[in-house]
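For reference, the chains in residue letters:
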Amino acid sequence: MVNMSTAVKNQRNKDQGPWSIVLSVLLLAIAFHASDTYSQNAPGTKAKPTAKSSPNIEEADDNVSDDSEEDDEAPDVNIVDENAADNEEEKPVVAAPAAKPEDAVENETSLEAGDNIEDNAPVADQPPVETVPVEPIPQPEPYIPTPTVEALPLHSDKTVSEADMVEVIPMEKTVEVEPFKGYKPYRQRRATHGLMFNVNAENLYFQDYTSIVDQKLYEELFGQEDLTLVQVQLDYKLNFFLGSLVAGVGYGQGTLVDDRIGEERSLTIAKKSGRAQLLFDSLMKEPYFVPYVGFNFWQFGITEENTTLSTKNSYDTGNGTSLTVGFLVQLNWMDPQVAKLAYLGEGLENTYLDVFWTQYQNTDNELDPIFENDFNFGVGLRMEF
């Protein structure tokens, strides 16, 4: 009996030997480290730490299973040994470890000898996430609507032409609209300043003129024929409430040829002139009829030639004066549409037929021929801008 009791006691002491203690310590270390690693990782991610160098766990499990089988086979003998108390004090009994979950078992089997366990080991299942810089979204420019200007006709019952439209000039996202240029009556639409261009033909007859070659009279050389002087004149026009004042310069030239005395004689007159006129063109809304009066300063360049004798003489006179009276007849009424387009497109206010009479006075040089005469007739075309 004593031998059997000793054998059973030794068998139990063998179960509580060094392998059981080592296995318990490893399980506590793994459980502590697994909970620490799980708290540092994201939820739902399994930590797979590597174990420190330790004996083969699988071998320890095999020994444990063998010991448990031996315990099951050993008879349960209740024998009191005197030395039991002494032996128990020397070797305290270690409680069997609690059952582990399947995840812990898998983590145990994945540990390899010689691996180091790091507290902040990266998760093997999740690859590192690459940070992609996000470009800022460009802010769209504020929408600026472009104003549209519709062209409106002057009169709804007439067709629209280019001259009736409004001119729009875009500049740096702004729009400038020029004032509409309407075709109002002349007295309302005319500006303060203007220009006049005149082309006319004037008949000259100097009954008391004597030749600078042989002192023969004009009538003896040329009879009753007039010398036609073609002139071009440019005037500045100043408008006011009574009418307008005109001041300008002109140049004209004419030649008369005759052979009544048996010799072919010619007289050429070149006229340089300056003038001032008063036009009464504000009497009516439209200047259908414009009377005027003017005063002229002039200088003649005279050339006489005898073709038969091949002689030629030239002479420049002094300054002379003359008085002009006449009237203008507006021609816009002949084609109102053309007149309107000419005004809107070119700024042509009026076109006139110019009819006038001029009376010349002698020059300030007593050696000059006599130019005093009666009124001479002239006609021309005058345009106002």
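See the structure shown above.
Read on for an overview of the structure.

Thresholds, definitions, all that
Residues numbered from 1 in each chain as written. Predicted model: local features only at pLDDT ≥ 70, side-chain atom pairs only at ≥ 80, totals over all residues. Heavy atoms only, no water. Helix = DSSP H or I, 4+ residues; strand = E, 2+ residues; numbered from the N terminus. Buried < 20%, exposed > 50% of the residue type's maximum accessible area, 1.4 Å probe, protein only. Areas by Shrake-Rupley, 256 points an atom, 1.4 Å probe, with all protein chains shown as cover. Pairing = 2+ DSSP bridges. Salt bridge = Lys/Arg side-chain N within 4 Å of Asp/Glu carboxyl O.

1. Some words on the overall build of the protein chain
1) Next: A tally of regular secondary structure across the protein chain gives eight helices and 10 strands.
2) Next: When the 385 residues of the protein chain are sorted by exposure, 29% land in the buried category.
3) Next: Just so you have it, the protein chain exposes about 25400 Å², and 58% of that area is on carbon and sulfur atoms.

2. Topic: the pairing of strand S4 (residues 227-240)
1) Next: Of the two faces of S4, the one holding Leu 227, Leu 229, Gln 231, Gln 233, Asp 235, Lys 237 and Asn 239 is buried and the one holding Thr 228, Val 230, Val 232, Leu 234, Tyr 236, Leu 238 and Phe 240 is not buried anywhere.
2) Next: Relative to S4, strand S3 (residues 193-204) runs antiparallel, the two sharing 12 bridges. Residue pairing for S4: Ala 201 is matched across the bridge by Val 230.
3) Next: Counted between consecutive antiparallel strands, the loop separating S4 from strand S5 (residues 243-258) contains two residues.

3. Some thoughts on unusual backbone geometry
1) Next: Positive phi values are uncommon outside glycine, yet Gln 215 reaches one of about 65 degrees.
2) Next: Along the chain, the position of Gln 215 falls in the loop between S3 and helix H7 (218-222).
3) Next: Classification of Gln 215 by relative accessible area gives exposed; the value is 54%.
4) Next: The phi dihedral of Ser 310 is positive, around 55 degrees, even though this residue is not glycine.
5) Next: Checked against the element boundaries, Ser 310 lands in the loop between strand S7 (289-306) and strand S8 (311-330).
6) Next: With a relative accessible area of 66%, Ser 310 lands in the exposed category.

4. Remarks on the pattern of salt bridges
1) Next: Evaluated as defined, the whole model comprises 13 salt bridges.
2) Next: In this structure, the salt-bridge partner of Arg 190 is Asp 281, at a minimum N-O distance of 3.1 Å. Of the two residues, Arg 190 is situated in the loop between helix H6 (186-189) and S3 and Asp 281 in the loop between strand S6 (265-279) and S7; the sequence distance between them amounts to 91 residues. For the pair Arg 190 and Asp 281, one class covers both residues: buried.
3) Next: Glu 304 is paired through a salt bridge with Arg 265; the nearest N and O atoms lie 3.7 Å apart. Note that Glu 304 is positioned in strand S7 and Arg 265 in strand S6, a separation of 39 residues in sequence.
4) Next: Given the relative accessible area of 4%, Arg 265 is considered buried.
5) Next: Residues joined in a network through salt bridges with shared partners are Asp 214, Lys 216, Glu 263, Arg 265 and Glu 304.

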